[in-house]
Amino acid sequence: MNKPICSTGLRWLWLVVIVLLLDLGSKYWVLQRFTLHESMPLIPYFNLTYAQNLGAAFSFLADKGGWQRWFFALVAGAITVVLLVMMSRSSAKQKLSNIAYALVIGGALGNLFDRLIHGFVVDFIDFYIGAWHWPTFNVADSAICIGAVLIIIESMINSDDKSKKTAPKA
């Protein structure tokens, strides 16, 4: 028997939509107002700088001739499908894992959209100290990282719970 969608982790799909809207909206704003590599200082240690990323995180494989566009698109699609299945099989009460999955899905779809439409990912968040700059990133990358950290935290919490349940009682 099928469970009502609100009783599954799919109840958290609204978060995917929010991440996607924030990501695509911020990238659209950057594309409308910046030229490539143009930078606007906001506060100390933080600029908005328009960059194009042909690779993955930290421009991994960015210089490999174009095949990586389709490879990373396929990876994003596969991750999205796997996490949607996991959300459909989980309870809506498993908030931490469902929030984490929704953040990763929203980020993956945001960057997937860029790869398919532009052929590159639009990055613009630029943190720096002196001459050292963290690799430029975007809202989707942030959501993916936060989601990944939450998945790790959730797995540690669950492993602690499991070890308490299986530990012998004195």
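Just so you know, these numbers come straight off a predicted model, no measurement behind them.

Reading guide: rules and limits
- Counting from 1, residues in each chain are numbered in the order their sequence is written.
- Only residues with pLDDT of 70 or above have their local features reported here, since the model is predicted, and side-chain atom pairs are shown and tallied only from 80 upward, although totals for entire chains, interfaces and linings are computed over all residues.
- Derived side-chain values reflect all non-hydrogen atoms in the structure, with water molecules and hydrogen atoms excluded from consideration.
- UniProt positions are given in the numbering used here, feature names are shortened, and annotations may be inferred rather than shown by experiment.
- To qualify as a helix, a DSSP run of H or I must reach at least 4 residues; to qualify as a strand, a run of E must reach at least 2; elements of each kind are numbered from the N terminus.
- Buried residues of nine kinds, namely Ala, Val, Leu, Ile, Met, Phe, Trp, Tyr and Cys, make up a nonpolar core once their side-chain atoms join them within 4.5 Å.
- Remark: exposure states derive from per-residue accessible area (1.4 Å probe, protein chains only) relative to the maximum for the residue type, with buried under 20%, exposed over 50%, and partly exposed in between.
- The criterion used for residue contact is that any of the two residues' heavy atoms lie within 4.5 Å.
- Only the stretch in contact is used when fitting a helix axis, every axis being a line fitted to C-alpha atoms; angles between N-to-C directions are given from 0 to 180 degrees.
- By the definition used in this description, the sense in which the near helix is turned from the far one sets the handedness, with an anticlockwise turn below a right angle giving left-handed and a clockwise turn giving right-handed.
- Here a strand pair is declared whenever DSSP counts at least two bridges between the two strands.

## Section: the UniProt feature "transmembrane region" (unreviewed entry) in the chain
UniProt tags residues 12-30, 67-87, 99-117 and 137-157 as "transmembrane region" (unreviewed entry). With 100% helix and 0% strand, residues 99-117 has end C-alpha atoms that lie 27 Å from one another. From the first C-alpha to the last, residues 137-157 spans 29 Å; its make-up is 90% helix and 0% strand.

## Notes on the nonpolar core
Residues Leu15, Val19, Leu83, Met87, Ala102, Leu103 and Ile105 are the most contacted members of the largest nonpolar core, which totals 14 residues. At the level of elements, α1 (13-33), α2 (67-89), α3 (95-117) and α4 (139-166) are the ones that each hand at least two residues to this core. At six residues, α3 tops the list of elements feeding residues into this core. Not counting residues within four places of it along the chain, the set of residues in contact with Leu83 comprises Tyr101, Val104 and Ile105. One finds Phe34, Leu48, Ile125 and Phe137 within the second-largest nonpolar core, a separate group that totals ten residues.

## So, the packing of α1 against α3
Running from N to C, α1 and α3 cross one another at 35°; their axes reach a closest spacing of 8 Å. Like other packed secondary-structure pairs, α1 and α3 cross with a definite hand, here right-handed. Residues Leu15, Val16, Val19, Leu20, Asp23, Leu24 and Lys27 of α1 touch α3, and the partners they reach there are Ile99, Ala102, Leu103, Ile105, Gly106, Gly107, Leu109, Gly110, Asn111, Phe113 and Asp114.

## Structural notes on the pairing of strand β1 (residues 39-43)
Where β1 meets strand β2 (residues 46-53), four bridges bridge the pair, whose relative direction is antiparallel. When the sheet's bridge partners are listed, Ile43 is paired in β2 with Phe46. Once β1 ends, the chain turns through two residues before running back antiparallel as β2, passing Tyr45 with a positive phi of about 75°.

## Focus on the UniProt feature "active site" (unreviewed entry) in the chain
Cross-referencing UniProt, the feature "active site" (unreviewed entry) maps to Asp123 and Asp141 in the present numbering. On the basis of their most widely separated C-alpha atoms, the annotated residues across 19 residues gather in one place, lying no more than 8.9 Å apart. Considering the arrangement of structural elements, one finds Asp123 in strand β3 (residues 121-129). You can call Asp123 buried: its relative accessible area is 2%. Discounting residues that sit within four places of it in the chain, Asp123 has contacts with Thr49, Tyr50, Ala51, Asn53, Thr136, Phe137, Asn138 and Asp141. Summarising the element assignment, Asp141 is placed in helix α4. Look past the residues within four positions of Asp141 in its chain and what remains in contact with it is Asn111 and Asp123.

## A few points about the sheet that holds strand β4 (residues 132-133)
The strand order β1-β2-β3-β4 describes an open sheet built from four strands, whose pairing is antiparallel. Where the open sheet ends on each side, the last strands, each with one partner, are β1 and β4. Strands β1, β2 and β3 of the sheet are contacted by α1, whose axis makes an angle of about 85° with β3.

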